[in-house]
Amino acid sequence: MTDTKETPPDRLANNPMSDFYDPAMLQRGIGIRFKGKERTDVEEYCVSEGWIRVQAGKTNDRHGNPLTIKLNGEVEAWFEDVDEV
């Protein structure tokens, strides 16, 4: 059976506390290109709204979670395991 959905979700986060966390999608491997450059440090993204969240250095918030900043620009996402099928 082949997977008919070959595009990643519009929005995805790697924080289990987020509503947009999906471990099955993350396990497949998601590639992110932001403003024409591949990024490997993305915590969360949204293709339709055109933003990504990345960790701001080694700073943590008061709950011990990494402090993130939101960057706006063109976002492209793809599955990295498509070639393996």
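Right above here is the structure, for reference.
Residues numbered from 1 in each chain as written. Predicted model: local features only at pLDDT ≥ 70, side-chain atom pairs only at ≥ 80, totals over all residues. Heavy atoms only, no water.

## Section: the packing of aromatic side chains
Next up, step 1: Tallying each qualifying case throughout the model produces zero aromatic pairs.
Next up, step 2: Lying over the aromatic face of Phe79, Arg28 brings its terminal NZ or CZ to 3.7 Å of the ring centre.
Next up, step 3: Stacked on the ring of Trp51, the Lys or Arg Arg53 has its end atom at 5.7 Å from the ring centre. (Phe/Tyr/Trp six-rings, centres within 6.5 Å; stacked < 30°, edge-to-face > 60°. Lys NZ or Arg CZ within 6 Å of the ring centre and 35° of its normal.)

## Some words on the layout of surface pockets
Left-over empty space is what a probe sized like a water molecule reveals as it rolls over the atoms.
Next up, step 1: Reported here for the largest pocket is a volume of approximately 270 Å³.
Next up, step 2: Residue lining of the largest pocket: Ala13, Asn14, Asn15, Ser18, Glu43, Glu44, Arg53, Asp61, Asn65, Pro66 and Thr68, and that is the complete set.
Next up, step 3: Those elements that place two or more of their residues in the lining of the largest pocket are strand S4 (42-46) and strand S6 (66-72).
Next up, step 4: By volume, the second largest pocket amounts to about 230 Å³.
Next up, step 5: Forming the boundary of the second largest pocket are 16 residues, of which Ile30, Ile32, Arg39, Thr40 and Val42 lie nearest the centre.
Next up, step 6: The set of elements that each furnish at least two residues to the lining of the second largest pocket consists of strand S1 (11-13), strand S2 (30-34), strand S3 (37-39) and S4.
Next up, step 7: Looking at which element gives the most residues to the lining of the second largest pocket, the answer is S4, with four residues.
Next up, step 8: Considered class by class, the residues forming the lining of the second largest pocket number eight nonpolar, three polar and five charged. (1 Å grid on protein atoms, 1.4 Å probe; cavity = no way out; pocket = protein on both sides within 12 Å on 5 of 7 lines; lining within 4 Å. Points joined across faces, edges and corners; volume = space filled by probe spheres on them. Helix = DSSP H or I, 4+ residues; strand = E, 2+ residues; numbered from the N terminus. Nonpolar A, V, L, I, M, F, W, Y, C, P; charged D, E, K, R; others polar.)

## Here we look at the sheet that holds strand S7 (residues 75-79)
Next up, step 1: The strand order S3-S2-S7 describes an open sheet built from three strands, whose pairing is antiparallel. The open sheet terminates on both sides in strands that have one partner only, identified here as S3 and S7. The average undirected angle you get between the axes of adjacent strands in this sheet is 30°.
Next up, step 2: Strand direction decides the pairing type here: S2 and S7, joined by five bridges, are antiparallel. Each bridged residue has a counterpart across the sheet, and for Arg33 the counterpart in S7 is Glu76. (Pairing = 2+ DSSP bridges. Axes fitted to C-alpha atoms, helices over the stretch in contact; angles between N-to-C directions.)

## As for the sheet that holds strand S5 (residues 51-60)
Next up, step 1: Pairing in this open sheet of four strands is antiparallel, and the strands run S1-S4-S5-S6 from one edge to the other. Of all strands in the sheet, those with a lone pairing partner are S1 and S6, marking the two edges. The mean inter-strand angle of the sheet, taken between neighbouring strand axes irrespective of direction, is 25°.
Next up, step 2: Where S5 and S6 come together, six bridges link them in antiparallel fashion. Its bridge partner being in S6, Val54 is matched across the sheet by Ile69.

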